[in-house]
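# Descriptive analysis of the structure
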Amino acid sequence: MRMQNPIIKKRRLGTIAALLFAAAASAGIISQSAAAEKTPARFSGPKFAQALKTLRSVEPNGVDNAAAAQAWGDVAAAGAAQLPTVLAAIDEAGPLGANWLSAAVQTIADRQLKQGDKLPAAELEAFVLDKQHAPRGRRLAFEWLVRADNTAADRLTPGFLFDPSPELRRDAVARLIAEGDKLVKPRTKGVHKGVGRDDRGPQESPEVAQKVYDKALSGAVDLDQVKKLKTELEKLGEKVDLPLHFGFVTRWKVIGPFDNTGEKGFDVVYPPEKAIELDAEYEGKPLEGKARQVKWIDFETQDDYGIVDLNAAVGKANGVAAYAWAEFNSPSEQPAELRLGRDNANKMWLNGKVIHEQRVYHSGADMDQFIGRGQLRKGKNTILVKVLQNEQKEEWAQTWGFQLRVCDATGVAIKPQTAAENSPSNVKK
Amino acid sequence: MNSQVVLLRRVLPAIVAGACLSFACGTDWLQFRGNDGTGVAPDANLPVAWGKKESVDKNDLGENIAWRADLPGRGVSGPIVVGGKVIVTSTSGVKHDRLHVLAFDVASGKLLWERQFWATGRTLCHPTSSVAAPTPASDGESIFAFYSSNDLVCLDLDGNLKWFRGLGYDSPTAANDVGMAASPLVVGKTVVVQVENKGDSFAAGLDTATGETRWRLAREQSMNWTSPAVLRGKQPADDAVLLQSPGVLSALRPETGDLLWSYATGCSIIPSLTTDKGLVYLPASGLTALKPSDRPGSHVEVAWSEAKLGPGSSSPVVYDGKVYVINGAPALTCADAKTGKVLWRLRLSGKFWATPVLAGDHLYCVNDQGLAQVVELGEQGKIAAENDFGEPVLGTPAVADGAIYFRGDSHLFKIASER
């Protein structure tokens, strides 16, 4: 016997009135707004609001799962007219609560469609276009909107190029890439013949394709799309500066190695963590039993992805730690994400405050793997990174380094003011 | 109504359910390697060959392919079958952080429902693997979908959310360099997850009804991709959960996590143990068979250990006195389950991640390129048929109600003689 969620089963009888109104609205018998007005109070009153609040604030470790399940039943029993309300609850939800709410949205919308009724397309579109809502909620709304309105994707996607939702933005970039690809596609053999025939796309010149790709690049934040655009633009003779595009910090002051024998160095407060004195020398990890001093050196990476190879910078070693320090001149006070990638234990400070740390070694590396969040001041900010190498002997465990970029929550690089702009001689008196 | 008929109607389902516990029952395949985690469906009568087209109809997928369903994104998990539905997990998104649970109608292959969730833990994994690597599990009423991000979703059979746990959110450092892969295990009212890694390494038992943690045990901080298994006792109250870890095999009480016994030995970290008639066949020192021990202070002892039987990446299968192992060569080796003596070997082709399943007199072995090599078992094994899905297949297939289900990179296939 098929079992149903007892909460949904219990509520199902009680939602018949709401469903009848929704069905009547979709049949044009009564307007949607009238349907919303006639929605049972329990889907708009304090109890419903409390259920949404319960889901928004679901705690870690499953401690309030029983209450969340009860609240979920209450919310998921609502009609399609409540979709914008449930979607809006995602705005203030944590990652756990967002999932509970998303599941409720999907259940409500799926039920509506399976009953043969329509989704509230106008309301969903308004929700998608309101950038005050959380990106995830807007993306979820869009995914249901396109099922309700098959013109929505074509109408709205071009406008997502600079959207705060990375997923909506990605769709816009993808469309421009496809458009550019068509413009550079070689002509089919035999279609155009004659003297001086060129083999470019059937419509336009490469200059148009370049403009389309440039436009796409201006909005692209995903690595695969940026790589594709770089490839195509460089074929057309335009160089793409990846570190500039992604916001990788490429110029550092680096010092090391300090001792990390037995992985104990993570908790040791070496001098750079107390103060940055660029002319100072400190006792580093002994080399072949002999004491050695370490001092700050300049290191600029030429890597397209901003990777700083500490083996190259301070010498290959195991059981060691190094620090990298940089200044970042922000054009304004603003929230920022410092996104770090590599597979060594690491710690990050922004303006002297720890914003991220993790102790695991050699567990894979990826761009944007670790994110530290903080507030940039207008003007000078300081970034300090501690990167530790352990004593594993495997060949794949010998990488020691990192990459770091400064961006906003969408992944768009925050461009620093250049040193020239910040030069005292340029300051207006 | 006649009271005896009423009684029979109440008792009979329980009898049938009990009979189904030992092997994959006709209609359901509830978790990785089936209901008891053995990968065996001895009564199943499945096609050996499929895919050869007999008509020019473009909708005809070929002989014995009942249907083929499109899947979103990627996944290497195996399918399960419950309540007339085939359940599959998948992930999508540029960061593989969209987690999908899909339910297909067994008869038609129609998508009945799909639910998506956002990963709360790490989604970094090797390109060969996927965030949708663990095979989901079911207790017949709920679906427990687990992901490499350590998100665990519980849905009823209609896709209604019962609960959600972001175990990766609770433990952000719980991750392996190529992704996590251990499938969840349901024993009684507890769903067990094994999250062993170099960060926050643990195993946990969660209440199937609420997702609340019944128990959580710290484990060795080391990479491990094996799945927990059940060792059936004489009655359900005696069932034990077996956790295979790099340095030890542990037997726990499912509802409390209390340690019943442990056996220290170096174990493989990819192929998982299997059990048969109270013996544990453990990928350790090749393959080691452990039997209950009467010796004071020992719960198990070595029945035999054979270095030649070390499995590659897929797990061993044991049935009817024989143990079957695919190694890295790849060769399928058949050995005597009582002694470990090798009886025959058969050369296969390709690399195997999916554990083979035994159905009837055949062993269905599918390599990672999607070539299913069906081996006829007997005094000597021989390849009865080779069937090419044309796309990678890394998940262990499911067998239910006269059909076998394969999850390819892009499609879910139902193979059955009757459509």
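Worth saying up front: this structure is predicted, and the values here are computed from it rather than measured. (Residues numbered from 1 in each chain as written. Chains lettered and ligands numbered in written order. Predicted model: local features only at pLDDT ≥ 70, side-chain atom pairs only at ≥ 80, totals over all residues.)

## Some details on the overall build of chain B
The following threshold applies: The helix count covers DSSP runs of H or I at least four residues long, the strand count covers runs of E at least two residues long, and both are numbered beginning at the N terminus. All radius of gyration figures rest on C-alpha atoms, and the globule criterion is 2.2 Å times the number of residues raised to 0.38. Any residue whose C-beta has 12 or fewer other C-beta atoms within 10 Å is treated as exposed, any with 20 or more as buried, and any in between as partly exposed, C-beta atoms being built from the backbone. Each residue gets a C-beta atom placed from its backbone, and two residues are in contact if those atoms lie within 7 Å.
If you tally the helices and strands in chain B, you get two helices and 33 strands. Here chain B has a C-alpha radius of gyration of 20 Å; the compact-globule value for 419 residues is 22 Å, and the two agree. Each principal axis of the C-alpha atoms in chain B carries an extent, and together these give about 65 × 60 × 50 Å. The burial tally for chain B puts 56% of its 419 residues in the buried class. The long-range share in chain B, meaning contacts at least 24 apart out of those at least 6 apart in sequence, stands at 51%.

## Topic: the interface of chain B and chain A
Let me state the cut-off plainly: Charged means Asp, Glu, Lys or Arg here, nonpolar means Ala, Val, Leu, Ile, Met, Phe, Trp, Tyr, Cys or Pro, and polar covers whatever is left, Gly included.
Taken together, the contacts link 34 residues of chain B with 34 residues of chain A. For the side of chain B that touches chain A, the secondary structure elements donating two or more residues are strand E6 (111–118), strand E10 (161–166) and helix H2 (167–170) of chain B. Broken down by element, the residue count for the side of chain B that touches chain A peaks at six residues, all from E10 of chain B. When the residues that make up the side of chain B that touches chain A are grouped by side-chain class, the tally is twelve nonpolar, twelve polar and ten charged.

## Some remarks on helix H7 (residues 95–114) of chain A
Residues and elements named next belong to chain A. We apply this condition: For a helix, the expected span equals 1.5 Å multiplied by the residue count minus one.
Its 20 residues give H7 an end-to-end C-alpha distance of 28 Å, which sits within 8% of 28 Å, the value for a rise of 1.5 Å per residue. Of all 20 residues making up H7, 16 are buried, and the element is well covered by its neighbours. Within two residues after H7, Gly 116 carries a phi angle of roughly 85°, on the positive side.

## Some words on the environment of Cys 125 of chain B
Residue and element names in this part refer to chain B. As for its position among the elements, Cys 125 is in the loop between E6 and strand E7 (137–138). Each C-alpha atom, one on Cys 125 and one on Leu 346, is 33 Å from the other, the two residues being 221 residues apart in sequence. For Cys 125, the contacting residues outside a window of four places in its chain are Ser 130, Val 131, Ser 148, Val 178 and Gly 179.

## Focus: the sheet that holds strand E27 (residues 357–359) of chain B
Sheets are built from strands paired through backbone hydrogen bonds, the pairs being either parallel or antiparallel. Stated formally: Strands pair, by our definition, only if DSSP identifies at least two bridges between them.
Overall, mixed pairing links the five strands, which are arranged E1-E27-E28-E29-E30 (chain B) in an open sheet. At either margin of the open sheet sits one strand with a lone partner, and together these are strand E1 (40–41) and strand E30 (382–388) of chain B.

## Observations concerning the pairing of strand E9 (residues 353–358) of chain A
All names here are of chain A. Here five bridges tie strand E8 (residues 345–350) to E9, and the two strands are oriented antiparallel to one another. Note on E9: the bridge partner recorded for Trp 349 is Val 354. Here E8 folds back onto E9 in antiparallel fashion, the turn holding two residues, of which Asn 351 has a positive phi close to 50°.

## A few points about the nonpolar core
Put simply, the test is: Note on terminology: a nonpolar core is any set of buried Ala, Val, Leu, Ile, Met, Phe, Trp, Tyr and Cys residues joined through C-beta atoms within 7 Å.
Ranked by size, the top nonpolar core spans 183 residues in total, and within it Leu 55, Val 86 and Trp 100 of chain A carry the most contacts. Top contributing element to this core by residue count: H7 of chain A, with nine residues. Beyond its immediate chain neighbours, meaning those up to four positions away, Trp 100 of chain A contacts Leu 55, Val 58, Ala 68 and Trp 72 of chain A together with Leu 161 and Phe 164 of chain B. Ala 324, Met 348, Ile 383 and Val 385 of chain A belong to the second largest nonpolar core, which has 43 residues in total.

## Digging into helix H9 (residues 135–148) of chain A
End to end, H9 of chain A covers 20 Å across 14 residues, agreeing with the expected 20 Å (1.5 Å per residue, within 8%). Those residues of H9 of chain A that fall on the buried side of the exposure criterion are Arg 136, Gly 137, Arg 138, Arg 139, Leu 140, Ala 141, Phe 142, Trp 144 and Leu 145 of chain A.

## Structural notes on the sheet that holds strand E11 (residues 379–389) of chain A
Residues and elements named next belong to chain A. Formally: Structural elements are reduced to axes, namely lines fitted to C-alpha atoms, with helices fitted over the stretch in contact, and the angle between N-to-C directions of any two is expressed from 0 to 180 degrees.
Strands sit in the order E4-E1-E6-E11-E8-E9 across an open sheet of six strands; the sheet is antiparallel. Across the chains shown, the open sheet's two edge strands, defined by having one partner strand only, are strand E4 (297–300) and E9. Here the average twist between neighbouring strands, direction ignored, is 25°.

## Observations regarding the packing of helix H12 (residues 206–219) of chain A against helix H13 (residues 223–235) of chain A
Residue and element names in this part refer to chain A. This is how the line gets drawn: Note that the term roughly parallel is reserved for angles under 35 degrees, roughly antiparallel for angles over 145, roughly perpendicular for angles of 65 to 115, and oblique for everything else. By the definition used in this description, the sense in which the near helix is turned from the far one sets the handedness, with an anticlockwise turn below a right angle giving left-handed and a clockwise turn giving right-handed.
The interhelical angle for the contact between H12 and H13, taken along N-to-C directions, is 155°, at an axis separation of 10 Å. For the element pair H12 / H13, the angle class is roughly antiparallel. Between H12 and H13 lies a crossing whose hand is left-handed. Here Gln 210, Tyr 213, Ala 216 and Leu 217 of H12 come into contact with H13, specifically with Val 226, Leu 229, Glu 232 and Leu 233. By residue class, the composition of the contact of H12 with H13 is six nonpolar, one polar and one charged.

## Thoughts on the confidence of the model for chain A
Residues and elements named next belong to chain A. Test applied: Known as pLDDT, the predictor's per-residue confidence is scaled from 0 to 100.
Residue-level pLDDT values for chain A average 87, and 83% of them are 70 or greater. Across residues 190–196, where pLDDT falls below 50, the model places two contacts with residues more than four positions away in sequence or in other chains. Contacts from residues 420–429, a stretch scored under 50 in pLDDT, to residues over four places away or in other chains number four contacts.

## Things to note about unusual backbone geometry
In this structure, the amide linkage connecting Gly 256 of chain A to the following residue, Pro 257 of chain A, adopts the cis form with an omega of 5°. Here Pro 257 of chain A shows up in strand E1 (residues 251–259). The peptide bond linking Ala 329 of chain B to Pro 330 of chain B adopts the cis configuration, its omega dihedral lying at 5°. Residue Ser 285 of chain B is not a glycine yet carries a positive backbone phi of 50°. At Asp 401 of chain B, a residue that is not glycine, the phi angle is positive and equals roughly 50°. In this structure, Asp 401 of chain B sits in the loop between strand E31 (398–400) and strand E32 (403–407).

## Here we look at the pairing of strand E28 (residues 362–366) of chain B
Residues and elements named next belong to chain B. Most of E28 sits out of view: five of its five residues are buried. Of the two faces of E28, the one lined by His 362, Tyr 364 and Val 366 and the one lined by Leu 363 and Cys 365 are each fully buried. Across three bridges, the pairing between E27 and E28 is antiparallel. For Val 357, the partnering residue across the bridge sits in E28 and is Tyr 364. Remark: two residues form the turn of the hairpin made by E27 and E28, two consecutive strands paired antiparallel; Gly 360 in that turn has positive phi of roughly 60°. Alignment of E28 against strand E29 (residues 371–376), held across five bridges, turns out to be antiparallel. Bridge pairing in E29 places Leu 363 opposite Val 375. In textbook terms, the turn of a hairpin is the stretch between consecutive antiparallel strands, and for E28 and E29 this stretch comprises four residues, one of which, Gly 370, has a positive phi near 90°.

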